[in-house]
Amino acid sequence: MEIGQRLPPHSPDCAGCGPGNPAGLGLEVVRTAAGVEAVHRFSDAQVGAPGIAHGGAVALAFDDLFGFALYTVGSLAVTRSLTIEYHAPFWLHRPYTFSAHVAQREGRRLLLRADAWDDAGQKAGSAAATFVVVSLGHFAAGAEQVMGRDD
Ligand SMILES: CCCCCCCCCCCCCC(=O)SCCNC(=O)CCNC(=O)[C@H](O)C(C)(C)COP(=O)(O)OP(=O)(O)OC[C@H]1O[C@@H](n2cnc3c(N)ncnc32)[C@H](O)[C@@H]1OP(=O)(O)O
């Protein structure tokens, strides 16, 4: 993976980054020297209070970006805990730069950190997460369910 390289979505319909999900954020994530980064504008579809992105949508952006940071360590892992600090409102339609990296690894636990800045360089949010490394089998039941659906 080269610096600046665009990374593939977790799945075509991923709520965070899947290009096939019209209700998703559609994050476009690139590799950086320290981890991964995405510039994102929240849309009217992610509104909470008028003009401001819903906190859950902001959490989705952080969680999804953490999923991309896994590419930098080559481990398959899932979110076990996620903590968000909302330093300022995330205004709709304004660009925010999200960046994330893997800070530490202890056995199966990965500790991840992220920040988000507005276009004036003010920090709008930060996040910390514990991801736990899993095998590919962790996703098997869900994948079978999707393939067996006929609705
Ligand atoms: C083919 C498809 C490919 C798809 C690719 C998708 C890529 C990813 C996409 C990403 C998309 C975005 C992201 C998403 O949306 S990921 C989706 C949202 N997350 C989930 O669905 C996860 C649900 N949880 C689980 O499945 C289980 O709980 C897991 C598997 C996580 C662990 O259950 P398991 O029974 O296996 O393990 P354990 O409970 O013994 O714990 C294991 C270790 O962790 C330590 N621990 C536990 N909690 C904490 C804590 N809070 N702080 C610190 N440490 C903690 C614990 O002490 C132990 O340590 P140790 O005793 O070993 O030292």
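Source: prediction; values computed, not measured.

Outline the site of the ligand, supporting the account with residue identities and numerical values.
Among the 18 residues in the neighbourhood of the ligand, the closest are listed as Thr79, Arg80, Arg108, Arg109 and His138. At a separation of 3.4 Å, an oxygen atom of the ligand approaches a polar side-chain atom of Asp63. Here the ligand has 1300 Å² of accessible area as a free molecule, and 53% of this is covered by the chains. The set of elements that each furnish at least two residues to the shell around the ligand consists of α1 (55-69), β3 (77-86) and β6 (123-133). Here the element with the most residues in the shell around the ligand is β3; it accounts for five residues. When its residues are assigned to classes, the shell around the ligand shows eight nonpolar, six polar and four charged.

Can you explain the nonpolar core? Please cite residues and give values.
Counting 37 residues, the largest nonpolar core has Phe42, Phe90 and Phe98 as the members making the most contacts within it. If you list the elements that add at least two residues to this core, you get β2 (36-41), α1, β3, β4 (95-106), β5 (109-117) and β6. For this core, the element with the most residues is α1, which contributes nine residues. Residues within four places of Phe90 in sequence aside, it is in contact with Phe42, Gly51, Ile52, Ala53, Val58, Tyr96, Phe98, Ala116, Ala124 and Gly125.

Before we move on, could you go through the UniProt feature "domain: Thioesterase" (unreviewed entry) in the protein and cite the residues and values that matter?
Within the UniProt annotation, "domain: Thioesterase" (unreviewed entry) is assigned to residues 51-123. This span, residues 51-123, is 21% helix and 44% strand, and a straight line between its end C-alpha atoms measures 18 Å.

Explain α1 to me, using residue names and the numbers behind them.
Spanning 15 residues, α1 covers 21 Å between terminal C-alpha atoms, matching the ideal 21 Å at 1.5 Å per step. With 11 of 15 residues buried, α1 lies mostly within the body of the structure. Of all the positions in α1, only Ala57, Val58, Ala59, Ala61, Phe62, Asp64, Leu65, Phe66, Gly67, Phe68 and Ala69 are classed as buried. Those residues of α1 that are buried lie in contact with β1 (29-31), β2, β3, β4, β5 and β6.

Which residues make up the pattern of salt bridges, and what values go with them?
Applying the stated criterion across every chain yields a total of three salt bridges. Asp118 is paired through a salt bridge with Arg94; the nearest N and O atoms lie 3.5 Å apart. Taken together, the residues Asp118 in the loop between β5 and β6 and Arg94 in the loop between β3 and β4 connect sequence positions 24 residues apart. The exposure class assigned to Arg94 is partly exposed, which follows from its relative accessible area of 26%. Between Arg94 and Asp119 there is a salt bridge whose closest N-O contact spans 2.7 Å. Taken together, the residues Arg94 in the loop between β3 and β4 and Asp119 in the loop between β5 and β6 connect sequence positions 25 residues apart.

Run through the environment of Arg80, naming residues and quoting values.
Of note, Arg80 is situated in strand β3. The spatial distance from the C-alpha of Arg80 to the C-alpha of His54 is 22 Å, given a sequence separation of 26 residues. Aside from chain neighbours lying at most four places away, what touches Arg80 is Thr130, Phe131 and Val132.

Explain the packing of aromatic side chains to me, and be specific about the residues and the numbers.
What the rule picks out here adds up to seven aromatic pairs. Ring geometry for Phe62 versus Phe98: centroids 5.1 Å apart, planes at 70°, classification edge-to-face. Taken as a pair, Phe62 in helix α1 and Phe98 in strand β4 lie far apart in primary sequence, 36 residues in all. When its relative accessible area of 0% is taken as the criterion, Phe62 is described as buried. Residue classification places Phe98 among the buried residues on the basis of a relative accessible area of 2%. Pairing Phe68 with Tyr71 gives two aromatic rings, centres 5.8 Å apart and planes at 50°, and the pair type is tilted. Given the relative accessible area of 1%, Phe68 is considered buried. Ring-pair connections join several aromatic residues into one group, and the members of that group are Phe42, Phe62, Phe90, Tyr96 and Phe98.

Conventions adopted
Residues numbered from 1 in each chain as written. Predicted model: local features only at pLDDT ≥ 70, side-chain atom pairs only at ≥ 80, totals over all residues. Heavy atoms only, no water. Near = heavy atom within 4 Å. Polar contact = N/O pair within 3.5 Å; in protein donor to acceptor, adjacent residues only side chain to side chain. Areas by Shrake-Rupley, 256 points an atom, 1.4 Å probe, with all protein chains shown as cover. Helix = DSSP H or I, 4+ residues; strand = E, 2+ residues; numbered from the N terminus. Nonpolar A, V, L, I, M, F, W, Y, C, P; charged D, E, K, R; others polar. Core = buried A, V, L, I, M, F, W, Y, C linked by side-chain atoms within 4.5 Å. Buried < 20%, exposed > 50% of the residue type's maximum accessible area, 1.4 Å probe, protein only. Contact = heavy atoms within 4.5 Å. UniProt positions renumbered as here; feature names shortened; annotations may be inferred. Expected span 1.5 Å × (residues − 1). Salt bridge = Lys/Arg side-chain N within 4 Å of Asp/Glu carboxyl O. Phe/Tyr/Trp six-rings, centres within 6.5 Å; stacked < 30°, edge-to-face > 60°.

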